[in-house]
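# Structure at a glance
One letter stands for each residue in the lines below.
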Amino acid sequence: MDARSVGSLDGAWLLSATEMRAAEARAIAAGTPGAVLMERAAASVVAAIDAQWPELQPGARICVLCGPGGNGGDGYAVARMLAARGMRVALHALAPASHPDAVGQATLWREMGEIGGWDGATNSAASADLVIDALFGIGLSRPLGAEIAALREVRAPRRLAIDLPSGLCSESGRVIGEACLDADFTVTFHAPKRGHVLAEGPARCGRLDLRDIGLDAVGGEIALTGVPADLAKRAGHKYGYGHALVLSGEVGRGGAARMAARAALRIGAGLVTLGCPAAALQENAARLDAIMLRPVRDEEALAGLLEDARLNALLLGPGLGTGARERDLVAQALSAGRATVLDADALTLVANDDGLRGALHPGCLLTPHEGEFARLCTDLADRMTGPTTSGPAFSRLDAAREAAARLGCTLLLKGPDTVIAAPDGRARVNASVYDRAAPWLATAGAGDVLAGIAAGLMARGRDGFDAASTAAWLHSAAARRFGPGLIAEDLPEQLPGLLRELGL
Ligand SMILES: NC(=O)C1=CN([C@@H]2O[C@H](COP(=O)(O)OP(=O)(O)OC[C@H]3O[C@@H](n4cnc5c(N)ncnc54)[C@H](O)[C@@H]3O)[C@@H](O)[C@H]2O)[C@@H](O)CC1
Ligand SMILES: [K+]
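These numbers were taken from a predicted model, which means no experiment stands behind them. (Residues numbered from 1 in each chain as written. Chains lettered and ligands numbered in written order. Predicted model: local features only at pLDDT ≥ 70, side-chain atom pairs only at ≥ 80, totals over all residues. Heavy atoms only, no water.)

## Quick look at the sheet that holds strand β1 (residues 61–66)
Strand order in this open sheet of seven strands is β3-β2-β1-β4-β5-β6-β7, and the pairing throughout is parallel. Of all strands in the sheet, those bounded by a partner on one side alone are β3 (115–116) and β7 (207–211). In the packing of helix α2 (residues 34–52) onto the sheet, contacts are made with β4 (130–134), β5 (159–162), β6 (185–189) and β7, and the angle to β6 comes to roughly 145 degrees. (Pairing = 2+ DSSP bridges. Helix = DSSP H or I, 4+ residues; strand = E, 2+ residues; numbered from the N terminus. Contact = heavy atoms within 4.5 Å. Axes fitted to C-alpha atoms, helices over the stretch in contact; angles between N-to-C directions.)

## Structural notes on the site of ligand 1
Among the 22 residues in the neighbourhood of ligand 1, the closest are listed as Arg 21, Asp 74, Gly 137, Arg 142 and Asp 163. The contact in question runs from an oxygen atom of ligand 1 to an N or O atom on the backbone of Gly 137, over 2.6 Å. Burial of ligand 1 by the protein chains amounts to 85% of its free accessible area of 880 Å². The cavity that encloses ligand 1 is the largest pocket. For the shell around ligand 1, the elements supplying multiple residues, two or more each, are α1 (17–29), α2 and α3 (70–84). Within the shell around ligand 1, the residues separate by chemical class into 10 nonpolar, seven polar and five charged. (Near = heavy atom within 4 Å. Polar contact = N/O pair within 3.5 Å; in protein donor to acceptor, adjacent residues only side chain to side chain. Areas by Shrake-Rupley, 256 points an atom, 1.4 Å probe, with all protein chains shown as cover. 1 Å grid on protein atoms, 1.4 Å probe; cavity = no way out; pocket = protein on both sides within 12 Å on 5 of 7 lines; lining within 4 Å. Sits in = over half its atoms within 2 Å of the grid points. Nonpolar A, V, L, I, M, F, W, Y, C, P; charged D, E, K, R; others polar.)

## Some words on the pattern of salt bridges
Taken as a whole and assessed by the stated rule, the structure comprises 30 salt bridges. With a closest N to O distance of 3.0 Å, Glu 326 and Arg 325 form a salt bridge. By the burial criterion, Glu 326 is buried, and Arg 325 matches it. Glu 402 is paired through a salt bridge with Arg 383; the nearest N and O atoms lie 3.6 Å apart. Note that Glu 402 is positioned in helix α17 (residues 396–407) and Arg 383 in helix α16 (residues 378–385), a separation of 19 residues in sequence. Overall, the relative accessible area of 46% leaves Arg 383 in the partly exposed class. What you see here is one network of salt bridges that share partners, running through Glu 19, Arg 194, Glu 221 and Arg 401. (Salt bridge = Lys/Arg side-chain N within 4 Å of Asp/Glu carboxyl O. Buried < 20%, exposed > 50% of the residue type's maximum accessible area, 1.4 Å probe, protein only.)

## Comments concerning unusual backbone geometry
As a rule of thumb, non-glycine residues mostly have phi less than zero, and peptide bonds are mostly trans rather than cis. For the bond running from Gly 391 to Pro 392, omega is -10 degrees, close enough to zero to count as cis. With respect to the secondary-structure elements, Pro 392 resides in the loop between α16 and α17. Its identity as a non-glycine residue notwithstanding, Asp 230 has a phi of 60 degrees, on the positive side. Relative to the elements of secondary structure, Asp 230 occurs in the loop between β8 (223–224) and β9 (243–247). Look at Ala 344: it is not a glycine, yet its phi comes out positive at around 45 degrees. Judged by its relative accessible area of 16%, Ala 344 falls in the buried class.

## Brief notes about the pairing of strand β10 (residues 271–276)
Along β10, six of the six residues are buried, which leaves the element largely enclosed by surrounding structure. Where burial is concerned, the two faces of β10 agree: the one with Leu 271, Thr 273 and Gly 275 and the one with Val 272, Leu 274 and Cys 276 are both buried. The sheet contact formed by β9 and β10 spans five bridges and is parallel. Residue Ala 244 lies in a different strand from β10, and its bridge partner there is Val 272. A crossover connection joins β9 to the parallel β10 through helix α9 (residues 255–266); in handedness this β-α-β unit is right-handed. Pairing analysis gives four bridges linking β10 to strand β11 (residues 292–295), with the strands arranged parallel. Along β11, the bridge assignment pairs Thr 273 with Met 292. Viewed along the sheet, the connection from β10 through helix α10 (residues 281–287) into β11 turns out right-handed. (Right-handed = clockwise from strand over helix to strand, strands pointing away.)

## Some details on the packing of aromatic side chains
Applying the stated criterion across every chain yields a total of one aromatic pair. Here the guanidinium or amino end of Arg 383 rests over the ring plane of Phe 394, the centre of that ring lying 3.9 Å away. (Phe/Tyr/Trp six-rings, centres within 6.5 Å; stacked < 30°, edge-to-face > 60°. Lys NZ or Arg CZ within 6 Å of the ring centre and 35° of its normal.)

## A few points about the UniProt feature "domain: YjeF C-terminal" (unreviewed entry) in the chain
What UniProt calls "domain: YjeF C-terminal" (unreviewed entry) maps, in this numbering, to residues 221–502. Span residues 221–502 is 44% helix and 16% strand, its end C-alpha atoms 26 Å apart. (UniProt positions renumbered as here; feature names shortened; annotations may be inferred.)

Next up, the structure:
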């Protein structure tokens, strides 16, 4: 069995514990015993250790911490393989093996070394070159506490978690309770689990190495966003690519809407118009060329503009303002029933106005960050961030899906772990984490550009779910392409190069 590293997370399935168990059960039903899968998992951990820390040679001191379940079983098998290579392995069990395959692995290990009591675990860890956490994986169901308190104080030079750092919830990426054994390096099998990319997962896992253990590549319910397809333009008229309308606020507040409009144009909307109060026309005209300008005084003016059915995607929010005029503009836009992105100030207006909330429709895409989400769905935000006492914990994925169903529109919950959820239950995650991290996206105006890209894609005819998924992927790829020093204005300018690299 080739214990290869599977590499990129782009487009990967993001499995739940239940889906992972089903994959394992299918393999077992098809004739591969669970013990063989465990052996493969352990061999892949050893291969990952070799690749990550080639300096660990015979004689290196390894401390393996084993739990009672399958995760502990992996640990016993890794201990045996490392000891067979001449490494000095000290193994400590938190509880006796109870999973049948773990019992088998513990028996094999006992022929090579002893199973130390838990009271010696901290001392062993303190003097080890590498500590391997095989306490709990996808089976963690309740908090860890006193039993790992002293271990968490140990500053081991290398910390590896098998499957998941113990204490981390595989479904949510949240710590169950308060204690987690943070890792520098986490080796997982077959496919990433939701907890590897959501919430605290990446910070707790360190690096993530995904290893093949020969399970069938059957998908799951949720996937990560992947390289977008079908962004090419073929011959045709500009109106064939739609016309986006971005509404802007008062004088001196137009920057956010201009950046959004530019992003919509860069991603290929045929035309983009920016609508603003008459007083702001001069300011905007001085800063825009390819983007058209129209005065939009109030909701009546907007209604007039929307008589042109070719205006097929609307974006309201960036720099819009939250006064009565803006409230009425949002109401008018929603009553037009077109593809509509609501961001920033428009989300504040919707959160404070039941009439607007009730006017949301399936053509809407809402793009809140966590603070805006908390105003829109306070109860869900509380569940997402409140204390956790048992697994699985309520996740960002759960919260976004429930909010999308409740509001009856697509929702994109922003973060390094962006969740996109449609009202029909579809969901995707855009994970800007690990080798896809884009920390420079934490900059003023980045969200406006994201909303603009999504609006541009909706003008081109994509539905809200697809537009949001694609926009999120492009947005983080554009940020990575630019790198350190990124400011929001740079993002739309990265799109042409990025599109070229995608083969367009
Ligand atoms: N499912 C699969 O396809 C494979 C699973 N493997 C390993 O098996 C693991 C899953 O095994 P399990 O399902 O046995 O789950 P775990 O090994 O994660 O732990 C489950 C056990 O721990 C107990 N437990 C949960 N939380 C606890 C807590 N806070 N304190 C004390 N006890 C607690 C449970 O009651 C159960 O007995 C994976 O994470 C992975 O490491 C691998 O061997 C490869 C194949
Ligand atoms: K673990």
